[in-house]
Amino acid sequence: MPNFIPVLETERLVLRGFDERDVDTFADMNADPRFSRFIGDGRPLTRTESWRLMATLIGHWQLRGFGVWAVELKATGELIGRTGLFYPEGWPGIELAWAFHPDAWGQGYATEAALAARDWAFNIARLGHLVSIIQPNNERSKRVAQRIGERYSHRDIINGIPVVIFSVNQHELEREPLTLTHSVAESA
């Protein structure tokens, strides 16, 4: 794993950079139609496409200085999803994104991980504004967005796909106490 990707820890999760040990699980997640349903065009990815996506997510850190973390359960080390900051060329803003294996849904992991990523974005990376790009019928992600302090902003079309945009500014949150404590450790 590249040593410039910070490691974040929450009560139950470790957010870390992707590496070779994640290829099989990451490919299995991306091949699951339940997982891919609300990501991009909704098409499951092949193993090769998953590997390329993982390489893109790792490279994003190098190009932007922030990016998407692999999310694993602290107790078992199991990879259960991803969360973090995504801002490819032509994107409407710095996106705070999350995607979790269906077996991990309904347990608060997405909210816990997204809060850690949001707080890192505002307090460490000094990013002032984040958006989340959500497909209109993805009610679970809309609830996560609201739990982390985002509010509905507007509708848009990205890469030909209708979406709703939720957003949050750091200044909006300064009036509210943080709801999650987490530690940030630099990886070696």
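For the structure itself, consult the block above.
Just so it is clear, the structure is predicted and the values come from calculations on it, not from any experiment. (Residues numbered from 1 in each chain as written. Predicted model: local features only at pLDDT ≥ 70, side-chain atom pairs only at ≥ 80, totals over all residues. Heavy atoms only, no water.)

### Things to note about the overall build of the protein chain
Right, on to step 1. When helices and strands are counted, the protein chain shows six helices and nine strands.
Right, on to step 2. The C-alpha atoms of the protein chain give a radius of gyration of 15 Å, which matches the 16 Å a tight globule of 188 residues would have.
Right, on to step 3. Dimensions along the principal axes, computed over C-alpha positions, put the protein chain at roughly 45 × 40 × 35 Å.
Right, on to step 4. Here the protein chain holds 188 residues, and 51% of them are scored as buried.
Right, on to step 5. In the protein chain, once contacts between residues fewer than 6 apart in sequence are set aside, the share between residues at least 24 apart is 62%.
Right, on to step 6. Counting only carbon and sulfur atoms, one obtains 51% of the accessible surface of the protein chain, whose full area is about 9,500 Å².
Right, on to step 7. Each charge class in the protein chain was averaged separately, 20 positive and 24 negative side chains, and the resulting centres sit 4 Å apart. (Helix = DSSP H or I, 4+ residues; strand = E, 2+ residues; numbered from the N terminus. Rg over C-alpha atoms; globule rule 2.2 N^0.38 Å. Buried < 20%, exposed > 50% of the residue type's maximum accessible area, 1.4 Å probe, protein only. Contact = heavy atoms within 4.5 Å. Areas by Shrake-Rupley, 256 points an atom, 1.4 Å probe, with all protein chains shown as cover. Lys, Arg positive; Asp, Glu negative; His and termini not counted. Charge placed at Lys NZ, Arg CZ, Asp CG, Glu CD.)

### Overview of the pairing of strand β2 (residues 13–16)
Right, on to step 1. Residues L13 and L15 line one face of β2 and the alternating positions V14 and R16 line the opposite face, and both faces are buried.
Right, on to step 2. With two bridges joining them, strand β1 (residues 6–9) and β2 adopt antiparallel strand pairing. Within the sheet, the bridge partner assigned to E9 lies in β2 and is V14.
Right, on to step 3. Hairpin connection of β1 to β2: three residues between the antiparallel strands.
Right, on to step 4. Here four bridges tie β2 to strand β3 (residues 68–73), and the two strands are oriented antiparallel to one another. Paired with V14 across the strands is E72, a residue of β3. (Pairing = 2+ DSSP bridges.)

### Overview of the packing of helix α1 (residues 23–31) against helix α3 (residues 47–64)
Right, on to step 1. At a closest axis distance of 9 Å, the pairing of α1 and α3 adopts a crossing angle of 115 degrees. If you check the angle between α1 and α3, you find them roughly perpendicular. Note that α1 runs across α3; the crossing there is right-handed. For the pair α1 and α3, the contacting residues are V23, D24, F26, A27 and N30 in the first and R47, S50, W51, L53, M54 and L57 in the second.
Right, on to step 2. Looking at the contact of α1 with α3 residue by residue, the classes come out as seven nonpolar, two polar and two charged. (Axes fitted to C-alpha atoms, helices over the stretch in contact; angles between N-to-C directions. Parallel < 35°, antiparallel > 145°, perpendicular 65-115°, else oblique. Left-handed = near helix turned anticlockwise from the far one by under 90°. Nonpolar A, V, L, I, M, F, W, Y, C, P; charged D, E, K, R; others polar.)

### Considering the pattern of salt bridges
Right, on to step 1. By the definition in use, this model includes 11 salt bridges.
Right, on to step 2. In this structure, R43 and D41 form a salt bridge, with 3.8 Å as the shortest nitrogen-oxygen distance.
Right, on to step 3. Residue class for R43 comes out partly exposed when judged on its relative accessible area of 41%.
Right, on to step 4. Where E49 meets R43, a salt bridge forms, and the shortest distance between an N and an O atom there is 3.1 Å.
Right, on to step 5. A relative accessible area of 26% means that E49 is categorised as partly exposed.
Right, on to step 6. A network of salt bridges, in which partner residues are shared, links R16, D22 and E72. (Salt bridge = Lys/Arg side-chain N within 4 Å of Asp/Glu carboxyl O.)

### A word on the environment of E172
Right, on to step 1. Here E172 shows up in helix α6 (residues 170–173).
Right, on to step 2. Sequence-wise, E172 and H129 are 43 residues apart; in three dimensions their C-alpha atoms are separated by 9.8 Å.

### Some words on the nonpolar core
Right, on to step 1. L85, W98, F100 and L130 are the most contacted members of the largest nonpolar core, which has 36 residues in total.
Right, on to step 2. Breaking this core down by element, the ones donating at least two residues are β2, β3, β4 (79–86), β5 (95–100), α4 (109–123), β6 (129–134), α5 (139–147) and β8 (161–169).
Right, on to step 3. Broken down by element, the residue count for this core peaks at 10 residues, all from α4.
Right, on to step 4. The residues contacting L85, other than those within four sequence positions of it, are H60, F66, G67, V68, I94, E95, L96, W120, A121, L127 and L130. (Core = buried A, V, L, I, M, F, W, Y, C linked by side-chain atoms within 4.5 Å.)

### Overview of the packing of aromatic side chains
Right, on to step 1. The full count for this structure, using the stated rule, is six aromatic pairs.
Right, on to step 2. Measuring from ring centre to ring centre gives 5.3 Å for W69 and W120, while their planes differ by 90 degrees; the resulting arrangement is edge-to-face. Here W69 is found in strand β3, whereas its partner W120 is found in helix α4, with 51 residues between them in sequence.
Right, on to step 3. By relative accessible area, W69 is classed as buried at 0%. (Phe/Tyr/Trp six-rings, centres within 6.5 Å; stacked < 30°, edge-to-face > 60°.)

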